[in-house]
Amino acid sequence: MDQKIQWAVNHMPKTDDKNLPIMGLEEIGKARTFHESFPQYSKTPLTKLDHMAEYLGVKEIYLKDESYRFGLNAFKVLGGSFAMARYIASETGKDVSELPYSVLTSDQLRKEFGQATFFTATDGNHGRGVAWAANRLGQKAVVHMPKGSMNYDYCLRLAAKEADETERGVIVQDTAWDGYEEIPAWIMQGYGTMAMEAGEQLKEYGCERPTHIFVQAGVGSLAGAVVGYYSNLYADNPPTFVVVEAEAAACLYKGAAAGDGDIRIVDGDMETIMAGLACGEPNTISWDILKNHVKVFIAAPDWVAANGMRMLGAPIKGDAPVTSGESGAAPFGALSAVMTMDEYKDLRNDIGLDASSKVLLFSTEGDTDPDRYKNIVWKGLDK
């Protein structure tokens, strides 16, 4: 554990928050209704970890377990599927509410819309989600995966170029850049289904609102979706938001540490076990939301995620175990380190965590790389 957790309290200048309405409650309601129309839909569990909360010294811990999502072991399909539906809606002059699963998969829509090819770059989960949704909706998908020295951001540029050169080619990517913001906004709205479910499940547990929400970030789309949705849901009294990144790709943390509000880019190999977070160029829409609403940005070394995986996989007796992958467990690992290690008491104070805190976290993936999961959790390796 030579590497230390780094953090930056957010002192960046606020903006006019023009992107917050993307995650408005009505918009997310449409995404939720769309996902509910899938025959494979069911709410993923929100696990309450009472004994772990007592051990860590907080009041309540809630963990959304996305390893159950549509049989795909990860949350990402929520974004890609909704973006496809929104794209098809815009091309056919319809509102997405007119295109539930049964209509999207109908012969009538195939006649009206035809077929597009959806391109994407992925570390795995997003690509699987796009391919799965395209297959269900009778569309084509081309998925690029980084290999060898090619990093995610280069792979993304390659996918975007191919989409440009293909008739009816569409890039479906969860990062936004200037001139490419509509589809990433739809993807973020798709992720909102998960946040909306969790908000309802908290109430079922008798928790009106969490005091703290920890969320992981790669390009920041998930983080922007979660922070944006709950900033709208709890507009009168928002929780304290904490963003956790992989140290090797901590572009948001670097932006927060600089304090000027400008985007920072991390490039190179970005070696980390948290493959889903190994992205060095922030989503421009999300960055705007995060600047305005996040309290603390954390850059986490790999041991943080590995500890989180082990603790969730073998929690304290009486708490349900959760199979959480490397990117999924990073926020819980950060919470655990902050609450149990004296060297991070200043971080604990900066976040405002204490015995009255009610913390919500998202385990965004299960053991999507089963061998690596076993190496870390069973064999004690951190790679």
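Before any of the text, the structure's been laid out above.
Residues numbered from 1 in each chain as written. Predicted model: local features only at pLDDT ≥ 70, side-chain atom pairs only at ≥ 80, totals over all residues. Heavy atoms only, no water.

1. Let's talk about the side chain of Thr117
Structurally, Thr117 can be placed in strand 4 (residues 117–121). Taking relative accessible area as the criterion, Thr117 reaches 11% and is therefore assigned buried. Setting aside chain neighbours within four positions, we find Thr117 in contact with Lys140, Val142, Arg168, Gly169 and Val170. (Helix = DSSP H or I, 4+ residues; strand = E, 2+ residues; numbered from the N terminus. Buried < 20%, exposed > 50% of the residue type's maximum accessible area, 1.4 Å probe, protein only. Contact = heavy atoms within 4.5 Å.)

2. Some remarks on the packing of helix 8 (residues 182–204) against helix 9 (residues 221–233)
Between helix 8 and helix 9, the shortest axis-to-axis distance is 9 Å and the interhelical angle comes to 50°. Here helix 8 is positioned oblique relative to helix 9, judged by the angle of their axes. In this structure, helix 8 crosses over helix 9, and the sense of that crossing is right-handed. Residues Met188, Tyr191, Met194, Ala195, Met196, Ala198 and Gly199 of helix 8 form the contact with helix 9, whose participating residues are Ser221, Leu222, Gly224, Ala225, Val226, Tyr229 and Tyr230. (Axes fitted to C-alpha atoms, helices over the stretch in contact; angles between N-to-C directions. Parallel < 35°, antiparallel > 145°, perpendicular 65-115°, else oblique. Left-handed = near helix turned anticlockwise from the far one by under 90°.)

3. Some words on the packing of aromatic side chains
Throughout the structure, instances matching the rule amount to 16 aromatic pairs. Between Phe38 and Phe70, the aromatic rings sit 5.5 Å apart at their centres with planes inclined by 15°, giving stacked as the arrangement. Of this pair, Phe38 sits in the loop between helix 1 (25–36) and strand 2 (46–48) while Phe70 sits in the loop between strand 3 (60–65) and helix 3 (77–91), and the two are 32 residues apart along the sequence. As far as burial versus exposure is concerned, Phe38 and Phe70 are alike and both buried. Considering the side-chain rings of Tyr87 and Phe113, the 6.3 Å spacing of their centres and the 85° angle between planes classify their relative orientation as edge-to-face. With Tyr87 in helix 3 and Phe113 in helix 5 (residues 107–113), the pair connects residues that are 26 residues apart, well separated along the chain. Counting every residue linked through ring pairs, the aromatic cluster contains Phe34, Phe38, Phe70, Phe82, Tyr101 and Trp132. The residue whose ring lies beneath Arg168 is Phe113, and the NZ or CZ to ring-centre distance is 4.4 Å. The lysine or arginine in question, Lys374, covers the ring of Trp378, its NZ or CZ lying 5.6 Å from the ring centre. (Phe/Tyr/Trp six-rings, centres within 6.5 Å; stacked < 30°, edge-to-face > 60°. Lys NZ or Arg CZ within 6 Å of the ring centre and 35° of its normal.)

4. Some points on the nonpolar core
Judged by nonpolar contacts, the single largest core of 95 residues is most densely connected at Tyr230, Val243 and Phe297. Residues in contact with Val243, not counting those within four places in the same chain, are Val215, Ala217, Ala223, Leu252, Leu290, Val294, Val296, Phe297 and Ile298. Counting residues in hydrophobic clusters, the runner-up holds 43 residues, among them Leu63, Met274, Leu277 and Ala305. (Core = buried A, V, L, I, M, F, W, Y, C linked by side-chain atoms within 4.5 Å.)

5. Section: the pattern of salt bridges
Two side chains that carry opposite charge are able to pair once their charged atoms sit near each other. Inspection of every chain in the model, using the stated rule, returns 18 salt bridges. Between Lys43 and Glu200 there is a salt bridge, and its shortest N-O distance comes to 3.4 Å. Highlighted residues: Lys43 in the loop between helix 1 and strand 2 and Glu200 in helix 8, separated in sequence by 157 residues. Under the relative-accessibility criterion, Lys43 is labelled partly exposed at 32%. The partner of Asp382 in a salt bridge is Arg310, with the nearest N and O atoms 2.7 Å apart. Taken as a pair, Asp382 in the segment after helix 15 (370–377) and Arg310 in helix 12 (residues 302–313) lie far apart in primary sequence, 72 residues in all. (Salt bridge = Lys/Arg side-chain N within 4 Å of Asp/Glu carboxyl O.)

6. A closer look at the environment of Asp65
Relative to the helices and strands, Asp65 is located in strand 3. As a C-alpha pair, Asp65 and Leu233 span 168 residues in sequence and 21 Å in three-dimensional space. Ignoring anything within four residues of it in the chain, the contact list for Asp65 reads Thr44, Pro45, Val322, Thr323 and Ser363. Side-chain polar atoms of Asp65 contact the side chain of Ser67, separated by 2.7 Å. (Polar contact = N/O pair within 3.5 Å; in protein donor to acceptor, adjacent residues only side chain to side chain.)

7. Let's talk about the sheet that holds strand 4
Strand order in the open sheet formed by three strands is 5-4-6, with parallel pairing between adjacent strands. For this open sheet the edge positions go to strand 5 (140–144) and strand 6 (169–171), each flanked by a neighbour on one side alone. Neighbour-to-neighbour, the strand axes of the sheet open up by a mean angle of 25°, direction not taken into account. Pairing between strand 4 and strand 5: five bridges, direction parallel. Residue pairing for strand 5: Thr117 is matched across the bridge by Lys140. Strands in contact with helix 7 (residues 152–165) are strand 4, strand 5 and strand 6; relative to strand 4, the strand with the most contacts, it is inclined by about 165°. (Pairing = 2+ DSSP bridges.)

8. Some points on the environment of Tyr234
Along the chain, Tyr234 turns up in the loop between helix 9 and strand 8 (240–246). Sequence-wise, Tyr234 and Glu98 are 136 residues apart; in three dimensions their C-alpha atoms are separated by 29 Å. Residue contacts for Tyr234: discarding those within four places in its chain leaves Gly199, Leu202, Glu208, Arg209, Pro210 and Pro239.

9. With respect to the sheet that holds strand 2
In spatial order, the strands read 1-9-8-7-10-3-2; together these seven strands make up an open sheet with mixed pairing. Both outer strands of the open sheet, strand 1 (6–9) and strand 2, are each paired with one neighbouring strand and no more. When the angles between neighbouring strand axes are averaged without regard to direction, this sheet yields 20°. Bridge count for strand 2 against strand 3 is three bridges, and the pairing is antiparallel. Each residue of the ladder has a partner; that of Thr47, found in strand 3, is Leu63. Relative to strand 1, helix 10 (residues 251–258) is tilted by about 50°, and along the sheet it contacts strand 1, strand 7 (212–217), strand 8 and strand 9 (294–300).

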